[in-house]
Amino acid sequence: MGCGSSTAATNKSLESKKLVMIIGGGYCGVKLAKTLDTKANVLLVEKKDHFFHCIGSLRGAVQPDFAASCVVPYSNLLTHGTVLQATVQEVQERLAIMSDGRKMPFDVCVCATGFSGGSAFWSGNDAAITGDEKLEKLKEVHDGVTAAKTVLIIGGGAVGIEMAGELLDASGCEAKITLITSGDKLMNLPGVQAKLQDKLADQLTKRGVELIFGERVESGIDMTNGGMHPASTVYTSSGKTISADVVFVATGPKPVLPEKHPFKLNDQGRILVEKTLQCSGTASQFFALGDCAATGDVLNAYHGAAQAAHLAKNIVKFCENGPSATLAPYKGTGVAFIVPIGKKGGAGQLPIGVVGSTITSAAKGKGLFADQFWKDMGFKEGRKGAESGVLRTSSRDSMGSGRLQKRMSAILDVDEKTLLEEYGSLD
Ligand SMILES: Cc1cc2nc3c(=O)[nH]c(=O)nc-3n(C[C@H](O)[C@H](O)[C@H](O)COP(=O)(O)OP(=O)(O)OC[C@H]3O[C@@H](n4cnc5c(N)ncnc54)[C@H](O)[C@@H]3O)c2cc1C
């Protein structure tokens, strides 16, 4: 059987399946959508016209030739489902309303809207809707750091540390780097081993980065505005004054959610979820994962991918058996980090223990998973596959054959003609 006929057979078999709307095409949404592509009618709604590989973005910001690796089209992601470029403004019980007024119904809705805030500049959730805008922003950082004599990084988590490492490696950047953190150690998070914290601090110090521990920046800069700031003088909790030509705010991520939604939130604004990853206190067709959800995992793409793999199985069961389905509890994933300091340095905490720069470089530092993500996004040859004329746009109609429209009319219990009149077409 040829590839075309097997695609047609899968399309046919999907005609009777449920419509799963995933809001947010970041690491979690993409992984979930791809896993469910042959098992449900997937509608991935994403506000940007590109997947932003923020894991690679710190290198993209200081090395212009790497920047394009961080902006990946959605065009090859799904074979059967649809990627719709739209911003979900309101989530109702069976319907999502987009900011442009379009309404999309669903059988199952998954919120994967991610994070912003402290490191907004590098997240999928900043204001850069098009890939070109994102590349322009990365270039602004490059121009800023190559002109700077001093750089201050606020934040001692993975983003702050990796930013320092990329600056150390960047050709044309000669700036003296200072990193300030309110913690007593770098990577000051529950479950992180002292050995990892010390290895990272030693390597940065040896390469000339000044580390300031236990100091909070109190004024002089808008700490709610993440990313790169121009020349500033900041004032710390102990009365220190630090001036730098460029300042990066790289403090903790904050969840992002649609403007109106039925979700219950914890005190940090994350969606409360049950162990099944169903949203707490809502109708049973709502699920959430990743940085917008209080799953108990460390907030990173690695843990988000484990949640997506688990959730995909639960959603298949839910689609087959409805609210009475027995769903498996997500048990969490052990704390794991790989924190490169440039291409060759850094350290990691893996299930096998704390590893040094050789493993860190081979596993992540060399390429920052960019090629792998291009492959995961459907470009078999990595980024090379996109350079032969693939457009940087979403595939809006890959469900073809009106399958999505049919499912929508079944959910809303209206005929397809009325559906088109009242809700408009997806094309
Ligand atoms: C610089 C940097 C480096 C990092 N490095 C690593 C690393 O090496 N390893 C690692 O595991 N993690 C890393 N992380 C963390 C990782 O990026 C996040 O944990 C991960 O992105 C969370 O994935 P997510 O899918 O939950 O959310 P996101 O990746 O934030 O994706 C959310 C998506 O939802 C979309 N969206 C939001 N609201 C709406 C809406 N209303 N309608 C439609 N679309 C919407 C956004 O546009 C976005 O694309 C890094 C983070 C940063 C900032």
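Okay, so let's go over this structure. Sequence order as written defines the numbering, with residues in each chain counted from 1. With pLDDT at 70 or above as the cut-off, local features in this predicted model cover only qualifying residues; side-chain atom pairs require 80 or more to be listed or tallied, and sums for whole chains, interfaces and linings still use all residues.

The next point concerns helix H9 (residues 357-365). The burial label depends on the number of other C-beta atoms within 10 Å of a residue's C-beta. Counts of 20 or more mean buried, 12 or fewer mean exposed, and intermediate counts mean partly exposed, with C-beta atoms placed from the backbone. Counting from the N terminus, the helices are the DSSP runs of H or I reaching at least four residues and the strands are the DSSP runs of E reaching at least two. Thr360, Lys364 and Gly365 are the residues of H9 that are buried. End-on view of H9: buried residues confined to an arc of 65°, all on one side of the axis. Counted as exposed and oriented over 90 degrees from the buried face of H9: Thr358 and Ala362. The contact criterion used is a C-beta to C-beta distance within 7 Å, with each C-beta placed from the backbone. Those residues of H9 hidden inside the fold are in contact with strand S23 (337-341), strand S24 (345-350) and strand S25 (353-355). Here the arc refers to the set of directions running from the helix axis out to each C-beta atom.

Next up on the list: the environment of Ala170. Position of Ala170 relative to the elements: it lies in the loop between helix H6 (158-169) and strand S12 (176-180). Classification of Ala170 by C-beta neighbours within 10 Å gives buried; the count is 20. A sequence separation of 86 residues divides Ala170 from Leu84, and the C-alpha atoms of the two residues are 37 Å apart. In this structure Ala170 touches Val62, Gln63 and Val145, once residues within four positions along its chain are discounted.

The nonpolar side chains of a soluble globular protein tend to be buried with one another. One finds Val20, Met21, Val110 and Ala288 to be the most contacted residues of the largest nonpolar core, which totals 119 residues. In terms of domain composition, this core takes at least three residues from each of domain 1 (3-120 + 254-334 + 369-423) and domain 2 (128-251). The term nonpolar core refers to a group of buried residues, namely Ala, Val, Leu, Ile, Met, Phe, Trp, Tyr and Cys, whose C-beta atoms join them within 7 Å. Here the limits of each domain have been adopted from an automatic or database domain assignment.

Looking now at the pairing of S24. Counting buried residues in S24 gives 5 out of 6 residues, a clear majority hidden from the surface. Pairing analysis gives 5 bridges linking S23 to S24, with the strands arranged antiparallel. Bridging across to S24, Val339 finds its partner in Ala347. The hairpin formed by S23 and S24 contains 3 residues between the paired strands, and Gly342 there has a positive phi angle of roughly 70°. As paired elements, S24 and S25 share 3 bridges and run antiparallel to each other. Within S25, the position partnered with Gln349 by the bridge is Val354. The turn joining S24 and S25, which pair antiparallel and follow one another in sequence, is formed by 2 residues. When DSSP finds two or more bridges between a pair of strands, those strands are recorded as paired.

Read from one edge to the other, the open sheet built from 3 strands follows the order S6-S7-S8, with strand pairing classed as antiparallel. Lying at the two open borders of the sheet, with one neighbouring strand each, are strand S6 (88-91) and strand S8 (103-105). Averaged over all pairs of adjacent strands, the angle between strand axes in this sheet comes to 25°, irrespective of strand direction. Relative to S8, strand S7 (residues 95-98) runs antiparallel, the two being bridged by 3 bridges. Opposite Ile97, over in S8, you have Lys103 as the bridge partner. Only the stretch in contact is used when fitting a helix axis, every axis being a line fitted to C-alpha atoms; angles between N-to-C directions are given from 0 to 180 degrees.

Let us look at helix H7 (residues 194-206). Each turn of an α-helix holds 3.6 residues, which means side chains three or four residues apart point in the same direction. Expected helix span is given by 1.5 Å per residue-to-residue step, counting one fewer step than there are residues. Taking 1.5 Å of rise per residue, 13 residues should cover 18 Å, and H7 covers 18 Å from first to last C-alpha, within 8% of that figure. Among all positions of H7, only Leu196, Gln197, Lys199, Leu200, Ala201, Gln203 and Leu204 are buried. Close packing links the buried residues of H7 with H6, S12, strand S13 (210-212), S23, S24 and S25. Remark: Gly208 follows H7 within two positions and exhibits a positive phi of approximately 95°.

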